[in-house]
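# Coordinates in review
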4 protein chains.
Amino acid sequence: MAMLPRLSALKAAGRRCFSCTTQVLSQETPVGFVGLGNMGGHMARNLLKKGYPVIAFDVSKDALSTLKNDGAVVAESPAEVAANVSRLVSMLPASAEVQEVYGGKKGILSTVKKGTLLLDSSTIDPSVSQQVAALAEKQGATFMDSPVSGGVNAARDGILTFMVGGPEASFAQAKALLDNMGKNVVYCGPVGTGQAAKICNNMLLAISMIGTSETMNLGIRLGLDPKLLAKILNMSSGRCWSSEVYNPVPGVVPGVPSSNDYKGGFGSALMAKDLGLAQNAATNTKSPTPLGSLAHQIYRTMCNQGYSGKDFSSAFLFLQEQDKKK
Amino acid sequence: MAMLPRLSALKAAGRRCFSCTTQVLSQETPVGFVGLGNMGGHMARNLLKKGYPVIAFDVSKDALSTLKNDGAVVAESPAEVAANVSRLVSMLPASAEVQEVYGGKKGILSTVKKGTLLLDSSTIDPSVSQQVAALAEKQGATFMDSPVSGGVNAARDGILTFMVGGPEASFAQAKALLDNMGKNVVYCGPVGTGQAAKICNNMLLAISMIGTSETMNLGIRLGLDPKLLAKILNMSSGRCWSSEVYNPVPGVVPGVPSSNDYKGGFGSALMAKDLGLAQNAATNTKSPTPLGSLAHQIYRTMCNQGYSGKDFSSAFLFLQEQDKKK
Amino acid sequence: MAMLPRLSALKAAGRRCFSCTTQVLSQETPVGFVGLGNMGGHMARNLLKKGYPVIAFDVSKDALSTLKNDGAVVAESPAEVAANVSRLVSMLPASAEVQEVYGGKKGILSTVKKGTLLLDSSTIDPSVSQQVAALAEKQGATFMDSPVSGGVNAARDGILTFMVGGPEASFAQAKALLDNMGKNVVYCGPVGTGQAAKICNNMLLAISMIGTSETMNLGIRLGLDPKLLAKILNMSSGRCWSSEVYNPVPGVVPGVPSSNDYKGGFGSALMAKDLGLAQNAATNTKSPTPLGSLAHQIYRTMCNQGYSGKDFSSAFLFLQEQDKKK
Amino acid sequence: MAMLPRLSALKAAGRRCFSCTTQVLSQETPVGFVGLGNMGGHMARNLLKKGYPVIAFDVSKDALSTLKNDGAVVAESPAEVAANVSRLVSMLPASAEVQEVYGGKKGILSTVKKGTLLLDSSTIDPSVSQQVAALAEKQGATFMDSPVSGGVNAARDGILTFMVGGPEASFAQAKALLDNMGKNVVYCGPVGTGQAAKICNNMLLAISMIGTSETMNLGIRLGLDPKLLAKILNMSSGRCWSSEVYNPVPGVVPGVPSSNDYKGGFGSALMAKDLGLAQNAATNTKSPTPLGSLAHQIYRTMCNQGYSGKDFSSAFLFLQEQDKKK
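This is a predicted model, so every value here is computed, not measured.

### Comments concerning the domain arrangement of chain A
Residue and element names in this part refer to chain A.
- Looking at the assigned domains, one finds that chain A contains domain 1 (31–191) and domain 2 (197–323).
- Placing the centre of domain 1 and that of domain 2 at their C-alpha centroids yields a distance of 30 Å.
- If you look at the interface, domain 1 gives eleven residues, while domain 2 gives seven residues.
- Taking both partners together, domain 1 and domain 2 bury about 710 Å²; carbon and sulfur atoms supply 65% of that area.

Structure follows, in structure tokens:
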């Protein structure tokens, strides 16, 4: 694979760093980035802003050329990125893309160098993270799963939370890099546990959100004022993030999607996807998840009824509607 | 009805008060109390401690004689209590008992005086509160529902939360009395809304508790440490009272029932009862409550499987068990 | 209460019958009928066709005058009907109407004669049937619950199924009358068991219908032809009335509502009502009904989304819809 | 790979057959069989009884030597079986075993000959059937999924139902072989649709069985005789295979597992497995399956509570239990 323009200089910088210490890579060492979508684009830009040279790839030419304008070097495949870096971040839509980007013909693992640190921030099935980690290990590279919580705005502002799974010995190095894109970087345990933490949180979030929506709707129909009901819940044992910070009833909490026609935020289709991952994990481990399973079905049904693009707090709207004309 | 011993003195005191103002009843005016169970006994005792003369009734002779030793005057029926007071608190097990104690042959409404304030702290169907309130109104009395949150210990320590429904004009008078038994007295709206607030809170609590139990169990099976998982949830959007304050996994939060073999606390059978009330209210108002409904079924099933007397956080235990021998 | 025109003749006929035997009332004895809606109108007309004199009441003047044209004598209240007959059928929308029509000021029980047989074909809460039966017994009358299965067409064609609860000694007399309006009259046990049988059947029907809808939809998305899938289910253990006789997928079974844009049949709102009764009964008896409970919630949600008036097999349509625009 | 003893004679017979026609293989041509468990052992024995030479493999030496005594030739790996036959049946526990037996190092696809017909009767994820079919096609072999309904007794008696997916052109040849082990062989469509039909049927069966269990339990608690209730359901729209043929209440239908302490039949753990496959398929195709999903969770919970080995109709027992001591 041909050396990329400008890369020889970048790599020289990196090598100088290695001469000081093999443990910590300086800010001058190039970082690979694969997947420049709504989240990944912002994340890569934050690395550039902090002074890291970035070598990037995406299937979208537009996404690539935007990042080039921001200062990145662009590559023609994941393999080309991997060939030129010692650490790499990926941010991809789903398990299938991760399998292809790492294990495919022009994939990362076809060129990855020994000792490379691979950080995958995609939200995928933990068992796929484990499979890719095993393949990476055969090549002498270290794969860690590092999914995020926080949406597009948190990605832009560099305040994501990263949940990281993989060898504890590599965590310090991972954290040093991820700190540039987030405000919390939490070590969760062996590879796959970052994903596990992510899908556990989102499953409980979905349950709480639908539960809050049902409760607010029932209370309103029983004659309670929604703001008063929210206040009572929040001083009692029914309190949860969804009732307190992100209440699904319009007008109860200012500035959240429910008060803006359920625009922005975290779409119901994305929640349905994460709940599908939770259900796969539950089936694989024979863990009963009755409410998580029903929450999955409700978001699935909401998507069919036209709520895919609305924030997931629109569960309230879905449950509240009455005798719509058909 | 014969005047009770000692009552003429008590009533004289009350009358003196009335001569000052008809709005506020002094601490010397006797208070009626019907229902001296685990909760009611403590509540009546707190009134006595604060210096209120109490005229009490319960179907249990033991409960009555205990309270007599603490200084109460005992009556032989709810009717006799009502005949001798201008304000009264009831604390009964369920809707049927409230209907009987108020509307029965020797019930409160058979002797209640005009202007009497009736405060029912039982947790019952809001539509039953409304029926009894309508009957009371015909007699010129004011019925308010004032169910509590907080368990037996909160009743003993006088730190209950009261959720009060009824005419706003009577709230100040109700609050003056209830303040002696609780630390929060919240006005919720028209009669029945106290019950509505109570069952809404408990429905969301049940959903959150089962949701937290499922999530913790899934995370543990996926390899996460329970304390770490709780920490991650509590700093993220999955956070709820059940994950943070009352975590259902033994050892995560010290001092809660899950760390004491699920003893004490709020029994699963009581939660099943409250969820049944929520379901009735939801059916009456045609409100969809898919998760609340399933939570009801799960607590119902747990009761059948032997969890009636265990704290409701034992949902974790129920879901976690694996391949028990039969 | 004034004797109705033509009634003296009718009653004379009835009395002649009583002089022969008190057990069996001849076809000449007048029959009371209260509730002339979609179902009741047809049922009363079938009695008229079979030669029974009918004395009828309904709150709708139109319904009453239609039946008058068909040969009935009309009364001005349920009380007036009851005063003039020794057997009576009622067909009312819900528990509240039954309580009013029987126990209200001008209700049946205010004038009912000793020995009268009261047959209530409404679908209501079994515990309400039991309450009304107890009140009737005090007046020396016999109340039996006799809800029906089969819809408007079966009512018109006189081929309903009646499920009858009440004293076994009165069943022969009840059957003799109900046989004129149905083809199956089944004795179920003590009062309330007719309702119990009805709501049990409809709960299982709702579960099977949603289950069949989910299954057909899943199979179609997995590449199976719907007719072939129905055939396989119907020769296997998945077979049920909903898959075989009333398949919810358009085109699989000719002549059913699914093949006619879900028009006609048994509306989703009526199914939601019956499932609400089942849930009340389940809560009262502490019976876990997880799928029945979820089926209730699904029909409740379908009503909110505009399916109230569509046949209950439109559960397939509801589940099948994909990414509707909003 | 060395020729197996006796195989040269068998193969000569096969070759003679091929010289007549390449479409139909005579009864003298050897058939491969991999997987000799509870089901597969009986199936292979039925082929032997019908006069087919069988070359078999299983990981259990005992299973292999039993079949050897019955007349089979035994091989040392799936690869050795495949090397010596032109048609082969596999019957394996789950997706992972199918992937290993076909795609593993000594797997069928490592030696399979062009034109071989591979019939997999395991119940697995339809997408795995499609993956293996694609690999087989690359080698010039034809893979068809052909899962069965009917249990161990049906396997022994040769009266299974086979649901077959794959190229329609190969169905006649598949049917000719499967007819020796079953009484119904149904063509379902492209590869994977056999599995689809199987999991669809079992999902609807699980829903109907739990639904019937809930309904019978509710009816009994409401005062109905179980036999009478079953009779009413079976003449009404609630009728299903579970209510009619395999009623879960002891004593209603003689000779089924519920009347034999839930012994024999189809274990709850196997039902939970099939429901897990249905959920994976539903998630992959974004099909909402609310009741199927809850049925999965209920069987999962039943397994945890000790019902794994009981027939799946023990859902009635699970729901019926009341206030067990713990």
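Having seen the model, we can carry on.
### A closer look at the UniProt feature "domain: 6-phosphogluconate dehydrogenase NADP-binding" (unreviewed entry) in chain A
- Per the UniProt entry, the sites bearing "domain: 6-phosphogluconate dehydrogenase NADP-binding" (unreviewed entry) are residues 31–189 of chain A in this numbering.
- Its end C-alpha atoms 24 Å apart, residues 31–189 of chain A is made of 40% helix and 24% strand.

### Remarks on the environment of Gly306 of chain C
- Note that Gly306 of chain C resides in helix H13 (residues 290–307).
- In the structure, Gly306 of chain C is positioned 38 residues away from Ser268 of chain C in sequence and 9.7 Å away in space, judged by C-alpha atoms.

### So, the relation of the copies chain B and chain A
- In the superposition of chain B on chain A (RMSD 0.1 Å, axial shift 0.0 Å), the rotation amounts to 180°. What the superposition gives is, in effect, a two-fold axis relating one chain to the other. When each C-alpha of chain B is compared by its distance to the rotation axis, Cys240 of chain B comes out closest, at 2.0 Å.
- Looking at chain B, 100% of its interface residues are interface residues in chain A too, so the copies touch through the same face.

### Points about the UniProt feature "domain: 3-hydroxyisobutyrate dehydrogenase-like NAD-binding" (unreviewed entry) in chain A
- Under the present numbering, the feature "domain: 3-hydroxyisobutyrate dehydrogenase-like NAD-binding" (unreviewed entry) in UniProt falls on residues 192–315 of chain A.
- Regarding residues 192–315 of chain A, the helix share stands at 63% and the strand share at 0%, and the terminal C-alpha atoms are separated by 30 Å.

### Quick look at the interface of chain B and chain A
- Counting from both sides, the interface comprises 57 residues of chain B and, opposite them, 57 residues of chain A.
- Approximately 4900 Å² of surface area, both sides summed, lies buried where chain B meets chain A, with 70% of it carried by carbon and sulfur atoms.
- The tally of links between chain B and chain A comes to two salt bridges.
- With its nearest N and O atoms 3.2 Å apart, the salt bridge here joins Arg239 of chain B to Glu244 of chain A.
- Secondary structure elements with two or more residues in the side of chain B that touches chain A: strand E8 (160–165), strand E9 (182–189), helix H9 (193–221), helix H10 (226–234), helix H11 (241–244), helix H12 (268–284) and helix H13 (290–307) of chain B.
- Among the elements that take part in the side of chain B that touches chain A, H9 of chain B stands out by supplying 20 residues, more than any other.

Reading the values: rules and limits
- Residues numbered from 1 in each chain as written.
- Chains lettered and ligands numbered in written order.
- Predicted model: local features only at pLDDT ≥ 70, side-chain atom pairs only at ≥ 80, totals over all residues.
- Heavy atoms only, no water.
- Domains from an automatic or database assignment.
- Contact = heavy atoms within 4.5 Å.
- Buried area = accessible area lost by both parts, 1.4 Å probe.
- UniProt positions renumbered as here; feature names shortened; annotations may be inferred.
- Helix = DSSP H or I, 4+ residues; strand = E, 2+ residues; numbered from the N terminus.
- Least-squares fit on C-alpha atoms with pLDDT ≥ 70 in both.
- Salt bridge = Lys/Arg side-chain N within 4 Å of Asp/Glu carboxyl O.

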